[in-house]
Amino acid sequence: MVRKRALASRVRSSDPLDESPDHILVGVVSIPANAESPWRLIGKRVLMAVLTLALAALVVYLDQEGYEGGGGADGRITVVDAFYYATVSLSTTGYGDISPITQQARLLNAILITPLRVLFLILLVGTTLSVLTEQSRQALRIQRWRNLVRNHTVVVGYGTKGRSAVAAMLADEIAPDDIVVVDTDPQALRSAAARGLVTVQGSATRSDVLKLAGVTRAAAVVVATNSDDTAVLVTLTARELAPNAKIVATVRESDNKHLLKQSGADSVVVSAETAGRLLGLATITPTVVGMMEDLLTPDEGFSIAERRVEESEVGGSPRHLAELVLGVVRKGQLIKVNEPEADALETGDRLLYIKMVSG
């Protein structure tokens, strides 16, 4: 059983991450972006370098009266001179005691030597520029996300249970950008980011980390931590910050279920107990376990779904519908289909039913 003394010993950090500038959060918050080919990125950089070079050459040529030493008549600057001057200037080559003096030598220097200089600059500073540019883009994405995030789902813990919960939500057509994963494991966060999920690195026992994940504006919170005491503390913190959010939590031991309920969880799943029941059923009726796995796998076969009662169905019995109805959700309470209260559907009811899912 979870000890209250262990919970009391936890001290929340006062570091207000949720109030930090966007650029500080780069590396803490990760907003997924469309991957782009490295060759495409290099091509863009080379194109920008060529356009910059052409612009500089145009400026020099238009202001040719201000230059001397050109190869044209009366020492005037030619197009080749302007191009050459731009290349040696932008590449920071400068002027030395050895320099091309003929038009042909300058043209060859501009056409052949300059690409090598550009390639060298790309190799030398390309990584630094890429990191700085990516950090700027990530900061802008974080700023935009923080301003727009609403009614999303925060998943605390991206282990086996967290990944399964996210897979079920994605299969139920919840958009990846409506799911935020909070975890301390960088490898788990990289796995979540690969699926297009927004990630926040940090301990969800800290209120500032949960605020950073937008829990105050979240519609639901899934607590899928590896330990029961952590699940209790996360649930307490999440309920304090988001009194109206739906909180679903999982614990290993059934003895701790009431602690999650007292902490503010709306639903609690006992993982060890559920797995034990399935193991027991597997020894007696393996086909039942296969059907249960089919119902819990949303990708194909059968799946449990929920929908709102239509106006034409109000007053009727759920037993007469085309779907196989399991229960009726009325004012947040589940009524089993065989109970008398479920005989007449009411406006605002929701149906839990089994639907066929095509693979």
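Reading the values: rules and limits
Residues numbered from 1 in each chain as written. Predicted model: local features only at pLDDT ≥ 70, side-chain atom pairs only at ≥ 80, totals over all residues. Heavy atoms only, no water. Helix = DSSP H or I, 4+ residues; strand = E, 2+ residues; numbered from the N terminus. Buried < 20%, exposed > 50% of the residue type's maximum accessible area, 1.4 Å probe, protein only. Contact = heavy atoms within 4.5 Å. UniProt positions renumbered as here; feature names shortened; annotations may be inferred. Salt bridge = Lys/Arg side-chain N within 4 Å of Asp/Glu carboxyl O. Expected span 1.5 Å × (residues − 1). Arc of directions from axis to C-beta. Patch = residues over 30% accessible without salt bridge, like charges linked within 9 Å, V, L, I, M, F, W, Y side chains within 5 Å. Areas by Shrake-Rupley, 256 points an atom, 1.4 Å probe, with all protein chains shown as cover.

## Details of the overall build of the chain
Argument step 1. Broken down by element type, the chain carries 11 helices and 11 strands.
Argument step 2. Relative to its full complement of 359 residues, the chain shows a buried share of 35%.
Argument step 3. Partitioning the contacts of the chain with sequence separation of at least 6, the portion at a separation of at least 24 is 62%.

## Re the UniProt feature "transmembrane region" (unreviewed entry) in the chain
Argument step 1. In this structure's numbering, the residues bearing the UniProt feature "transmembrane region" (unreviewed entry) are residues 46-62 and 110-132.
Argument step 2. Taken end to end, residues 46-62 comprises 100% helix and 0% strand; its first and last C-alpha atoms sit 24 Å apart.

## Structural notes on unusual backbone geometry
Argument step 1. With phi around 50°, Asn-151 is a residue other than glycine that occupies positive phi space.
Argument step 2. Looking at where Asn-151 falls in the secondary structure, it is placed in the loop between α4 (103-148) and β2 (153-156).
Argument step 3. Residue classification places Asn-151 among the exposed positions, given a relative accessible area of 61%.

## Notes on the pattern of salt bridges
When charged atoms on two side chains of opposite charge get close, those side chains can pair.
Argument step 1. Scanning the entire structure with this criterion turns up 7 salt bridges.
Argument step 2. The shortest N-O distance in the salt bridge between Glu-313 and Arg-307 comes to 2.9 Å. No difference in accessibility class separates Glu-313 from Arg-307, as the two residues are buried.
Argument step 3. The closest approach of N and O atoms between Arg-330 and Glu-346, which form a salt bridge, is 3.7 Å. Highlighted residues: Arg-330 in strand β9 (residues 324-330) and Glu-346 in the loop between β10 (333-336) and β11 (350-357), separated in sequence by 16 residues.
Argument step 4. Look at Arg-330 and you get buried, because its relative accessible area is 12%.
Argument step 5. The exposure class assigned to Glu-346 is partly exposed, which follows from its relative accessible area of 38%.
Argument step 6. One network of salt bridges, with partners in common, ties together Arg-307, Glu-313 and Glu-323.

## Section: helix α5 (residues 160-171)
Argument step 1. Along its 12 residues, α5 runs 16 Å from first to last C-alpha, staying within 8% of the 16 Å computed at 1.5 Å per residue.
Argument step 2. Along α5, the residues that are buried comprise Gly-162, Val-166 and Met-169. With its buried residues spanning 60° around the axis, α5 presents them on a single face.
Argument step 3. As for α5, its buried residues are in contact with β2 and β3 (179-183).
Argument step 4. With its phi angle positive at about 70°, Glu-173 sits one or two positions after the end of α5.

## Quick notes on a nonpolar patch on the surface
Argument step 1. A cluster of nonpolar side chains, contributed by Leu-55, Leu-58, Val-59, Tyr-61, Leu-62 and Val-79, occupies part of the molecular surface with about 600 Å² of accessible area.
Argument step 2. The element best represented in the nonpolar patch is helix α2 (residues 38-62), accounting for 5 residues.
Argument step 3. Following the sequence through the fold, Val-59 ends up in helix α2.

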